[in-house]
Amino acid sequence: MRTRLGGRYVAADIGPSGQLLEPMGTLPFDEAYALFAEQARAATAAGADLFIIETMADLAEAKAALLAVVENSDLPVFVTMTFAEDGRTFLGTTPEVAAVTLSSMGADAVGINCSLGPDDLVPLVERMLPWAKCPVMVQANAGLPCVEDGRTVFDVHAPEYCRAVARMLDAGVTIVGGCCGTAPEYTAGERALLAGREPQERSVRDWFCVAGPQQITSLRAGHVGVIGERINPTGKKKMKEALRSAVSDAMCQVGQRDASPYSLSVPSQ
């Protein structure tokens, strides 16, 4: 990171491409990677101090952008995703999945931006904190927009906003800011919150994790998990047919029936 007078830095911002990646959409992963890599090289050459990949709703696109930056620049990179009221992104990713996946891929900070007001993001970031192997950041909206007298306004003012941010800092968040609807008085309030404050210690789960786009399977240290072999297709005509025709529901149903008293299921929260 380049040294700036007074500790001020300029971040290159990378947002969504506006297209859905395959198989949900038509944009191939490699093409998305190439687009983000071009941005990474250009911003690095222009003198950026770090990258912020933000407002991602598709974990695959966030991964493409993160890989592109990591492999085409030596600058720090922060990655934030946007979540709906149900606690998932538009494509179903949970805070736990985002934290495990992105921090394991080399993000220097992971977190949440945009989405909702700060009060609504507190429980979501609390779910993310135990799983992130790096600092966690939040840039909330100033509530949700509404129209008054022909103007778009937000319903969460700076004092209320900063009270919610204080709860996040107490929980272990170490990077805060603002997204839609915030203004200089919000940032000034956050700066006052940070004055003299030490980062809150937090416990990160050192568990074995396998993450898909919508859920994680985790195994606590010191525990044993048993994997059944019911989905081995050897000698099983119906299973072979399901594999050849890519009927995943049939395979999952067979695998679920293999649960035994010795199998271990570790909840993700």
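Going by the structure above, here's the rest.
Nothing here was measured: the structure is a model prediction, and the numbers come from that model. (Residues numbered from 1 in each chain as written. Predicted model: local features only at pLDDT ≥ 70, side-chain atom pairs only at ≥ 80, totals over all residues. Heavy atoms only, no water.)

Asker: Before we go on, may I ask you to explain the sheet that holds strand 8 (residues 175-178) in this structure?
Answerer: The strands that make up a sheet pair up through hydrogen bonds in the backbone, lying either parallel or antiparallel. Strand order in the open sheet formed by 6 strands is 1-2-3-4-5-8, and the pairing between neighbours is parallel. The sheet is open, and its two borders are formed by strand 1 (11-14) and strand 8, each paired with just one other strand. Neighbour-to-neighbour, the strand axes of this sheet turn through a mean angle of 20°, independent of strand direction. Examined bridge by bridge, strand 3 (residues 77-81) and strand 4 (residues 109-114) share 4 bridges and lie parallel to one another. Within the sheet, the bridge partner assigned to Val79 lies in strand 4 and is Val110. (Pairing = 2+ DSSP bridges. Helix = DSSP H or I, 4+ residues; strand = E, 2+ residues; numbered from the N terminus. Axes fitted to C-alpha atoms, helices over the stretch in contact; angles between N-to-C directions.)

Asker: Even after reading the chapter, I still don't get unusual backbone geometry, so can you show me in this structure?
Answerer: Residues Glu22 and Pro23 are joined by a peptide bond in cis, for which omega reads 0°. Checked against the element boundaries, Pro23 lands in the loop between strand 1 and helix 1 (29-46). Here the phi dihedral of Cys114 falls at roughly 60°; this positive angle occurs in a residue that is not glycine. Considering the arrangement of structural elements, one finds Cys114 in strand 4. The exposure class assigned to Cys114 is buried, which follows from its relative accessible area of 16%. Positive phi values are uncommon outside glycine, yet Ser115 reaches one of about 65°. (Buried < 20%, exposed > 50% of the residue type's maximum accessible area, 1.4 Å probe, protein only.)

Asker: Looking at this model, I keep getting lost on the packing of helix 1 against helix 2 (residues 59-72). Mind explaining?
Answerer: In a pair of packed helices, the angle between the axes and the distance between the axes together describe the arrangement. Put simply, helix 1 and helix 2 touch, their axes get as near as 8 Å, and they point 45° apart. Comparing their axes, helix 2 and helix 1 come out oblique. In this structure, helix 1 meets helix 2 at a crossing whose hand is right-handed. Where helix 1 abuts helix 2, its residues Phe29, Ala32, Tyr33, Phe36, Ala37, Ala40 and Arg41 lie against Ala60, Glu61, Lys63, Ala64, Ala65, Leu67, Ala68, Val69, Glu71 and Asn72. Among the residues making up the contact of helix 1 with helix 2, the classes are represented as 12 nonpolar, 1 polar and 4 charged. (Parallel < 35°, antiparallel > 145°, perpendicular 65-115°, else oblique. Left-handed = near helix turned anticlockwise from the far one by under 90°. Contact = heavy atoms within 4.5 Å. Nonpolar A, V, L, I, M, F, W, Y, C, P; charged D, E, K, R; others polar.)

Asker: Teacher, can you tell me more about the side chain of Thr94 here?
Answerer: You can see Thr94 is positioned in the loop between strand 3 and helix 3 (95-104). A polar contact is formed between the side chain of Thr94 and the side chain of Glu96, at a distance of 3.3 Å. Beyond its immediate chain neighbours, meaning those up to four positions away, Thr94 contacts Phe83, Gly87, Arg88, Arg127 and Gln214. (Polar contact = N/O pair within 3.5 Å; in protein donor to acceptor, adjacent residues only side chain to side chain.)

Asker: Even after reading the chapter, I still don't get the environment of Arg127, so can you show me in this structure?
Answerer: Position of Arg127 relative to the elements: it lies in helix 4 (residues 118-128). Arg127 sits in the partly exposed class, given a relative accessible area of 22%. Residues Arg127 and Thr94 lie 33 residues apart in sequence; the distance between their C-alpha atoms is 8.9 Å.

Asker: So what exactly am I meant to see when it comes to the environment of Leu193 here?
Answerer: When you line up the elements, Leu193 lands in helix 6 (residues 184-194). C-alpha separation for the pair Leu193 and Leu169, spaced 24 residues apart in sequence, amounts to 8.9 Å. Ignoring sequence-local partners within four residues, the contact set of Leu193 consists of Cys162, Val165, Ala166 and Leu169.

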